[in-house]
Amino acid sequence: MAEHYDVVIIGGGPAGYVAAIRCAQLGLNTACVDQWINARGKPALGGTCLNVGCIPSKALLESSERFQQARSELAGHGIRVGGVELDLAGMLARKDKIVRELTQGIAQLFKANKVTWIQGRGQLLANKQVAVQEHGREKPRTLDAEHVVLAPGSSPMQLDTAPLQDDLIVDSTGALEFRDVPGRLGIIGAGVIGLELGSVWRRLGADTVTLLEAQETFLPFIDEQMARDALRTYAAQGLDIQLGSRVTACEVKNGTVTINYQNSVGEHQAEFDKVIVAVGRRPNTNKLAADEAMLLMDEWCFIHVDEQCKTNLPGVYAIGDAVRGPMLAHKGSEEGVMVAELIAGRSARVNYGTIPSVIYTLPEIAWVGETEQALKAAGRDYRSGVFPFAASGRARAMGDAGGFIKVLADAESDRILGVHMIGPHCSELISEAVIAMQLGGSAEDIAMTMFAHPTLSESFHEAALAVHDRPLHIFQRKT
Ligand code: FAD
Ligand code: NAD
């Protein structure tokens, strides 16, 4: 006899575990099947994000930033620090402790909310049944559900020309575990992971960090002005970003990786001590559903869903990295809340127009909504206001006054269409823009709002004032 649940969720990452908690809060008898085994051989909740993604990468970004500050930036504040040394083992242990505590925290939340955590691999069968192969057990278990939520997440994409090898050619997971700082670090792909992890190892002392990027345009999906600023700043930090470079082969010899690559100039060869492959991620949908289930996928193996994350099968939803849209933890979590509400018979939607994105380098890059180039391409009539952090008293006091905030508003209605920021603490500042857009706010609404002084948020205020040619702390001619 199959065990019966109101909801069975496959995947315990930020999409699946949030869906499970919200389902339980809404009174639904919920099970979450997750197959993750951590580096210590133990089942762990939290998926990619908590175990090998957002959290460990941000722990290392934070630690490496502090190391760099202590080594070379505090002097600018009139603080002399002598004998700064890297304790890499200590830094990695701190990261692992944070991951352990947070993943255990999810397990406690499951317990408190009475979510059943089933440790093993799940497969969707026909008629909303789920077969589970539990870790360490031979006999599969069958679950019966009123509703099934598929949240299997994604895994790093592999390259035939650069197959992973020991700790020499690694993916993002391996790049969070280097036991020594690589002297010459090569990164294939100058996307979000390449830039964040490249920054970590450069700050920790890598002599050279070279990013080989296939595309000719750097970060084509962000505001063009921000991309130009970012490229210049990263270069000054020692990130050597080679655009239009295609890797054709990799060879490991005597502990060194030789990469052959092509660009518009010709063929090149470069030697590295370690190489990180960071060329995107693909959905974990292989054998997620038995053929008899008839689950519809698209040509790239993402699960086909509508705006409400409903699949082609009645009562079966799919959320997170395995469905269309950006591969971001918060996007998956919001989809998790939405499907829980829908299952409980409530109305719910995700506002896909206000998903914030952040690149956690220095400077931080954050954006929400439309880019200026997309508005131009669509022929939209808009107004733009820009305020540089160089004119912010707080940014100056912090000694971190590079970058700017740009607000784009509809020329007629003044409604905010997009906000783009590069500079200090933009990962936090972007939420102000998200709230404004979520509430349908205009540039004038922000202009009329009072911001505390001296704060970085005042720059958002000033950029909104600049939309109407009236910033107070920079001179701007009327357009
Ligand atoms: P996952 O987190 O991938 O979770 C899916 C879970 O399902 C996993 O535990 C998996 O083992 C399990 N699973 C899969 N198939 C099955 C099955 N058949 N049966 C049982 N279990 C199964 N995003 C951000 O928003 N901010 C960041 O700062 C950020 N930083 C990142 C840094 C790195 C280095 C990486 C790699 C990613 C980062 N991301 C970040 C992306 C983020 O991790 C993902 O968008 C997010 O984890 C997706 O959540 P998910 O629940 O869809 O999938
Ligand atoms: P990405 O899509 O951001 O970047 C991959 C880059 O690799 C692209 O620029 C692509 O052009 C390039 N590329 C692809 N094939 C190549 C090849 N053969 N040779 C050279 N370059 C090649 O992917 P990622 O950096 O691997 O990150 C994966 C996902 O994880 C992203 O979608 C992102 O949303 C998520 N993530 C988010 C954050 C964050 O929110 N701060 C951090 C890390 C990861």
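Residues numbered from 1 in each chain as written. Chains lettered and ligands numbered in written order. Predicted model: local features only at pLDDT ≥ 70, side-chain atom pairs only at ≥ 80, totals over all residues. Heavy atoms only, no water.

## Topic: the overall build of the protein chain
Scanning the protein chain from N- to C-terminus turns up 12 helices and 21 strands. Relative to the compact-globule value of 23 Å for 479 residues, the protein chain shows a C-alpha radius of gyration of 24 Å, a close match. Within the protein chain, counting contacts between residues at least 6 apart in sequence, those at least 24 apart form 63% of the total. Within the protein chain, one finds 45 positive and 57 negative side-chain charges whose respective centroids are separated by 4 Å. (Helix = DSSP H or I, 4+ residues; strand = E, 2+ residues; numbered from the N terminus. Rg over C-alpha atoms; globule rule 2.2 N^0.38 Å. Contact = heavy atoms within 4.5 Å. Lys, Arg positive; Asp, Glu negative; His and termini not counted. Charge placed at Lys NZ, Arg CZ, Asp CG, Glu CD.)

## Quick word on the packing of helix α3 (residues 54-73) against helix α5 (residues 192-203)
Look at α3 against α5: their axes get within 9 Å of each other, and the N-to-C directions meet at 35°. Once α3 is placed against α5, the crossing between them reads as left-handed. Listed contacts from α5 to Ser57, Lys58, Leu60, Leu61, Ser64, Glu65, Phe67, Gln68 and Arg71 of α3 are Glu196, Leu197, Ser199, Val200 and Arg203. Across the contact of α3 with α5, the residue classes tally to 5 nonpolar, 4 polar and 5 charged. (Axes fitted to C-alpha atoms, helices over the stretch in contact; angles between N-to-C directions. Left-handed = near helix turned anticlockwise from the far one by under 90°. Nonpolar A, V, L, I, M, F, W, Y, C, P; charged D, E, K, R; others polar.)

## Some remarks on the nonpolar core
Among the nonpolar cores identified, the biggest contains 38 residues, and Leu195, Leu211, Phe218, Tyr234, Ile241, Ile276 and Ile365 are the most heavily contacted of them. Mapped by element, the contributors of at least two residues to this core are α3, α4 (88-113), β8 (184-188), α5, β9 (208-212), α6 (224-237), β10 (239-242) and β18 (364-369). With sequence-adjacent residues up to four places away left out, phenylalanine 218 is seen in contact with Ala190, Leu195, Ala227, Ala230, Leu231, Tyr234, Ile241 and Leu243. (Core = buried A, V, L, I, M, F, W, Y, C linked by side-chain atoms within 4.5 Å. Buried < 20%, exposed > 50% of the residue type's maximum accessible area, 1.4 Å probe, protein only.)

## Overview of the sheet that holds strand β20 (residues 404-410)
If you walk across this open sheet you meet the 5 strands as β17-β18-β21-β20-β19, and the pairing is antiparallel. Whereas interior strands pair on both sides, the edge strands pair on one side only; in this sheet they are β17 (357-359) and β19 (382-388). Pairs of neighbouring strands in the sheet enclose a mean axial angle of 10°, with direction left out of account. Both β18 and strand β21 (residues 416-423) contribute to a ladder of 6 bridges, which runs antiparallel. Across the sheet, glycine 369 pairs through a bridge with glycine 418, a residue of β21. (Pairing = 2+ DSSP bridges.)

## Overview of the domain arrangement of the protein chain
Domains assigned within the protein chain are domain 1 (3-156 + 282-350), domain 2 (169-279) and domain 3 (356-467). Between the C-alpha centres of domain 1 and domain 2 the distance comes to 28 Å. In this complex, domain 1 contributes 18 residues to the contact, which on the side of domain 2 involves 16 residues. Summed over both sides, the interface between domain 1 and domain 2 buries roughly 1,400 Å², with carbon and sulfur atoms accounting for 65% of that surface. Sorting the residues of domain 1 by area buried against domain 2 places Val52, Leu61 and Leu88 first, and these three jointly supply 30% of that buried surface. Taken together, the connections running from domain 1 to domain 2 amount to 2 salt bridges. Across the salt bridge formed by glutamate 177 and lysine 95, the nearest N and O atoms sit 2.9 Å from each other. Summed over the shared surface of domain 1 and domain 2, the number is 6 residue pairs in polar contact (both at pLDDT 80 or more). Those elements that place two or more of their residues in the side of domain 1 that touches domain 2 are α3 and α4. The element best represented in the side of domain 1 that touches domain 2 is α3, accounting for 10 residues. (Domains from an automatic or database assignment. Buried area = accessible area lost by both parts, 1.4 Å probe. Salt bridge = Lys/Arg side-chain N within 4 Å of Asp/Glu carboxyl O. Polar contact = N/O pair within 3.5 Å; in protein donor to acceptor, adjacent residues only side chain to side chain.)

## A few points about the side chain of threonine 354
Examined against the element boundaries, threonine 354 turns out to sit in the loop between α7 (329-343) and β17. Filtering out sequence-adjacent residues up to four positions away, threonine 354 remains in contact with Val368, Val434, Met437 and Gln438.

## Digging into the side chain of threonine 30
Structurally, threonine 30 is set in strand β2 (residues 30-34). At 2.9 Å, the side chain of threonine 30 forms a polar contact with the backbone oxygen of leucine 28. Not counting chain neighbours up to four residues away, the residues in contact with threonine 30 comprise Tyr5, Val7, Ile9, Ala20, Cys23, Ala24, Lys114, Val115 and Thr116.

## Considering the layout of surface pockets
Of the voids in this model, the second largest pocket is the one considered here, and its volume is about 940 Å³. What lines the second largest pocket is a set of 35 residues, and nearest its centre among them are Glu65, Gln69, Glu73, Leu362 and Asp400. Sorting the residues of the lining of the second largest pocket by element identifies α3, α5, α6, β21 and α10 (426-438) as the ones contributing at least two each. (1 Å grid on protein atoms, 1.4 Å probe; cavity = no way out; pocket = protein on both sides within 12 Å on 5 of 7 lines; lining within 4 Å. Points joined across faces, edges and corners; volume = space filled by probe spheres on them.)

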